[in-house]
Amino acid sequence: AMTSPSRHRWFADVMAAAKPLKTLHWTLEGLDEAQKQAVEELRESLRQSGELEGGFFGQDATLARFLVARGFQVNKAHQMYVDSMHWRKEYGAEDVLEDFDFEEKDEVMQIFPHFHHKLDRSGHPIFFQQLGCKDFGEVLKLTTVERLVRYHVQIWEGVVAHKFPSASKAAGREIFTVTAVVDVKDAKIKDFFRYKELRTLIKEMTVIDQDNYPELMGSLFLINTPLPFRAVWKVVKGWMDRRTQEKITVLGASFHEELFKVCPPDSVPECFGGTCTCANLGGCAFSNAGPWLDASMRPRCIEGESYSLYPTDRALSRRFVYTMRGRDFTVDEEGHPHGISDWGEAVVDDEGDIFVDAMEYNGVEKHLRKSS
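Model, not experiment: these values are computed from the prediction. Per-chain numbering applies: the sequence of each chain, read as written, is numbered from 1 onward. A pLDDT threshold of at least 70 governs which residues receive local features in this predicted model, and a stricter bar of 80 or more applies before side-chain atom pairs are shown or counted, although totals over entire chains, interfaces and linings include all residues. Side-chain calculation: all heavy atoms of the structure are included, whereas hydrogens and water are not.

Caption draft 1: Layout of the pattern of salt bridges. Just to be clear on terms, a salt bridge is a Lys or Arg side-chain nitrogen sitting within 4 Å of an Asp or Glu carboxyl oxygen. According to the stated counting rule, one finds 9 salt bridges in the structure shown. Linking Lys-89 and Glu-53 is a salt bridge whose minimum nitrogen-to-oxygen distance equals 2.8 Å. In this pair, Lys-89 is assigned in helix H4 (residues 74–91) and Glu-53 in the loop between helix H2 (33–48) and helix H3 (60–69), connecting sequence segments 36 residues apart. Put simply, Glu-138 and Lys-141 hold a salt bridge, and the shortest N to O gap is 3.1 Å. Of this pair, Glu-138 and Lys-141 both sit in helix H7 (residues 136–142), 3 residues apart, which is roughly one turn of that helix. Partly exposed residues are those whose accessible area sits between 20% and 50% of the maximum for their type, while under 20% is buried and over 50% is exposed, using a 1.4 Å probe and protein chains only. Classification of Glu-138 by relative accessible area gives partly exposed; the value is 33%. Under the relative-accessibility criterion, Lys-141 is labelled exposed at 64%. Numbering of helices and strands runs from the N terminus; a helix is a DSSP stretch of H or I covering at least four residues, while a strand is a stretch of E covering at least two.

Caption draft 2: Highlighting H2. Compared with an ideal rise of 1.5 Å per residue, which puts 16 residues at 22 Å, H2 spans 23 Å between its outermost C-alpha atoms and is within 8% of the ideal. Listed as buried for H2 are Ala-38, Val-39, Leu-42, Arg-43 and Leu-46. On an axial view of H2, the arc spanned by its buried residues comes to 135 degrees, and they lie on one face. Opposite the buried face of H2, by more than 90 degrees, sit the exposed residues Glu-33, Ala-34 and Gln-48. Of the surrounding secondary structure, the elements contacted by the buried residues of H2 are H3 and H4. Between the side-chain oxygen at the start of H2 and the backbone nitrogen of Ala-34 there is a gap of 3.1 Å, and the oxygen is on Asp-32. Given a helix with a known number of residues, its expected span is that number minus one, times 1.5 Å. It is the directions from the helix axis to the C-beta atoms that the arc portrays. Residue contacts are defined here by distance: any two heavy atoms, one from each residue, within 4.5 Å place the two residues in contact. Under this definition, polar contacts are N or O atom pairs within 3.5 Å; protein pairs additionally need one hydrogen-donor-capable and one acceptor-capable atom, and for neighbouring residues in sequence, both atoms have to be side-chain atoms.

Caption draft 3: Quick look at the packing of H2 against H3. As a rule, the C-alpha atoms of each element are fitted with a line to give its axis, helices using only the stretch in contact, and angles between N-to-C directions run from 0 to 180 degrees. The interhelical angle for the contact between H2 and H3, taken along N-to-C directions, is 100 degrees, at an axis separation of 9 Å. If you check the angle between H2 and H3, you find them roughly perpendicular. Residues Ala-38, Val-39, Glu-40, Leu-42, Arg-43 and Leu-46 of H2 form the contact with H3, whose participating residues are Asp-60, Leu-63, Ala-64 and Leu-67. The cut-offs work like this: below 35 degrees is roughly parallel, past 145 is roughly antiparallel, 65 to 115 is roughly perpendicular, and the gaps in between are oblique.

Caption draft 4: Structural view of the side chain of Thr-62. Here Thr-62 shows up in helix H3. Owing to a relative accessible area of 0%, Thr-62 belongs among the buried residues under this scheme. With near-sequence residues (within four places) excluded, Thr-62 lies in contact with Phe-56 and Phe-57.

Written out as structure tokens, the structure reads:
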């Protein structure tokens, strides 16, 4: 049978998207002198207006991200930055790691598996996701669009607070972009048109990412794209700015060669066509494999300080016994650990979060936050 013109155009579009690879990871070192000057101008502009934030959001890399998103126009980047910091306060993004308990995560994971796993060839954390194992209506039985969006924000906050610092130390340079791989082989395309909630979810996450986490995604690979996906893609592209579109590579079933140019096979889970199984860590989806599990990749804590325990993924019992490199310690009902001055091997990130990495409870990471 002859191939229809529309079908031919679809496959031509796929091939065009795959060549060349669309990856827009960038570095501070790659900025030219005029762009570096723009970073300083934006910093001074924000400082004079009293709107410059501290910590991660006051770093050169963050200011540069907003400038990149606005074509290095300082005035526009200034307004975008101010709007984003206002959103963070209004939405409560700064507290979402500690205060939001997405207790339905395990059930949602069965429908839409998603997880960070190792690094690409350039040292960027990789985020993997499989779409559509079940009807989206099953997700709506478990949670709401509002909670899914908040969980999405929680994931980004975790990347900023924990993944980037460890990846940067492992690479020996600043890392502040992610590579994403989304398998749409089993995606229920009809769900996109059937459920208004799904369209709302995708649109809200896209807008939040572009407005408040600009330039954190360096490249996105859509693999195993079926023919009907073009209808969905046409709609979703309309919600993205041009630069975001330029980061996306659409690949069919023969994606391996192109994907492996960016992600080595041993960093790609077997279910995504790679060679990794994380068999000794309960499988790739639950291993959280990456340099963030290596204590040497994180800054050391300050002995003698007071810290409090909090879970990052879902509510845990209020009393635990953990092991830190062979040393047992307990946490009381208020979340305060005993023997803080003895923790010579504890580690803390730039935000003041200590990682307890020698033991996991039901696969959930636990951290300690420095008490105020």
